[in-house]
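Here is what each chain is made of, one letter per residue.
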Amino acid sequence: MATDSTVDDVAIRPATRADLLDISRLETRVFDEPWSYSAFEGFVGEPAFLIAELDGSVVGYVVADWTATYNRDFGHIKDLAVDPAFRGHGLGRSLLQRAVSQLLVEGVRSIKLEVRESNTPARRLYVEEGFEAFRRIPRYYSDGEAALVLVFEPVFG
Ligand SMILES: CC(C)(COP(=O)(O)OP(=O)(O)OC[C@H]1O[C@@H](n2cnc3c(N)ncnc32)[C@H](O)[C@@H]1OP(=O)(O)O)[C@@H](O)C(=O)NCCC(=O)NCCS
């Protein structure tokens, strides 16, 4: 980071193909079971595939999409990460909020995600943003840990 840059200078914008290498590298640093480069590639152009950028570097990202059904579109937050050096400054929340807003703009009325049971920081963030426990899936992850499925259903007036 340039000496005069702060997290206030972070810009959130749609991810492009040119960001994929940075995203993929950050994913590998953050997760034990990282997505592959080609997995991210498949989401380029999705309105809720966003990055947080600072001084030309990717410092966080969120991947979300939705599925159209006959009576209701379901959104899915699939991945969210912030560079460890930039955590605790609201970037994770901003990325999540932007992705949720984008899904709502697209007409989604229900959003789900899976989170490791032990992932206290992410669970707190999701609950604070209105996600509620829906169910628990034992042995969801390859190391045997359970996932919690959380769902957000905004109330429309
Ligand atoms: C989860 C993650 C994206 C949060 O990013 P972040 O930028 O640090 O989060 P924010 O600064 O926006 O914090 C938002 C809220 O998250 C929760 N949170 C963040 N860090 C936390 C921590 N270390 N312990 C407990 N809660 C924490 C808090 O509720 C916080 O709200 P507060 O600041 O009012 O207390 C980040 O920790 C991360 O990349 N983790 C590894 C990847 C991951 O687990 N992704 C989620 C997969 S489901």
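Before going into details, it helps to say that this report is about the structure given with it. Given the structure is predicted, the values throughout are model-derived calculations rather than measurements.

This brings us to the overall build of the chain. Secondary structure assignment for the chain yields four helices and seven strands. Reading the secondary structure of the chain in the N-to-C direction produces β-α-α-β-β-β-α-β-α-β-β. A compact globule built from 157 residues would reach a C-alpha radius of gyration of about 15 Å, and the chain, at 15 Å, matches this within 12%. Overall, the C-alpha framework of the chain stretches about 45 × 40 × 30 Å when taken along its three principal axes. Looking at the chain residue by residue over its 157 residues, the buried ones come to 27%.

Within an α-helix, residues lying three or four positions from one another point in the same direction, as the helix has 3.6 residues per turn. When helix 1 (residues 20–30) is considered as a whole, its buried residues turn out to be I23, L26 and E27. An end-on view of helix 1 places all buried positions within 105 degrees of arc, on one side of the element. Facing away from the buried side of helix 1 by over 90 degrees, the exposed positions are L21 and R29. Buried residues in helix 1 make contact with helix 2 (37–41), strand 2 (49–54), strand 3 (57–68) and strand 4 (73–82).

With that out of the way, let us pick up the site of the ligand. Taken together, 19 residues form the shell around the ligand, and within it R87, G92, R93, P121 and L125 come nearest. Partitioned by chemical class, the residues of the shell around the ligand number nine nonpolar, six polar and four charged.

Turning next to the pairing of strand 3. Consecutive residues of a regular strand have side chains that alternate between opposite faces of the sheet. Bridge analysis of strand 2 against strand 3 gives six bridges, and the strand direction is antiparallel. Each bridged residue has a counterpart across the sheet, and for I51 the counterpart in strand 3 is Y61. Where strand 2 folds back on strand 3, the antiparallel hairpin that results is connected by two residues, among which D55 adopts a positive phi of roughly 50 degrees. Pairing of strand 3 with strand 4 involves nine bridges; the strand directions are antiparallel. Within strand 4, the residue paired with W66 across the bridge is G75. What sits between the antiparallel neighbours strand 3 and strand 4 is a turn of four residues.

Take the sheet that holds strand 7 (residues 147–152) next. Here seven strands make up an open sheet; going across it, the order is 1-2-3-4-5-7-6 and the pairing mixed. Both outer strands of the open sheet, strand 1 (11–14) and strand 6 (132–137), are each paired with one neighbouring strand and no more. Across this sheet, the average inter-strand angle for adjacent strands is 25 degrees, counted without regard to direction. The strands touched by helix 1 within the sheet are strand 2, strand 3 and strand 4, with strand 3 carrying the most contacts at an inclination of about 95 degrees. Relative to strand 3, helix 3 (residues 91–105) is tilted by about 30 degrees, and along the sheet it contacts strand 1, strand 2, strand 3, strand 4, strand 5 (110–116) and strand 7.

The backbone phi angle of D55 is positive, close to 50 degrees, even though this residue is not glycine. Looking at the element boundaries, D55 is found in the loop between strand 2 and strand 3. In the Ramachandran plot, R139 falls in the positive-phi region, its phi being about 55 degrees despite a non-glycine side chain. Tracing the chain through its elements places R139 in the loop between strand 6 and strand 7. R139 gets classed as exposed once you count the C-beta atoms within 10 Å, which come to 10.

Looking at the secondary structure, you find V63 in strand 3. As for V63 and G45, which are separated by 18 residues in sequence, their C-alpha atoms are 11 Å apart. In contact with V63, not counting residues within four places along its chain, are F43, F49, K78 and D79.

Cut-offs applied
Residues numbered from 1 in each chain as written. Predicted model: local features only at pLDDT ≥ 70, side-chain atom pairs only at ≥ 80, totals over all residues. Helix = DSSP H or I, 4+ residues; strand = E, 2+ residues; numbered from the N terminus. Rg over C-alpha atoms; globule rule 2.2 N^0.38 Å. Buried ≥ 20, exposed ≤ 12 C-beta atoms within 10 Å, placed from the backbone. Arc of directions from axis to C-beta. Contact = placed C-beta atoms within 7 Å. Near = placed C-beta within 6 Å. Nonpolar A, V, L, I, M, F, W, Y, C, P; charged D, E, K, R; others polar. Pairing = 2+ DSSP bridges. Axes fitted to C-alpha atoms, helices over the stretch in contact; angles between N-to-C directions.

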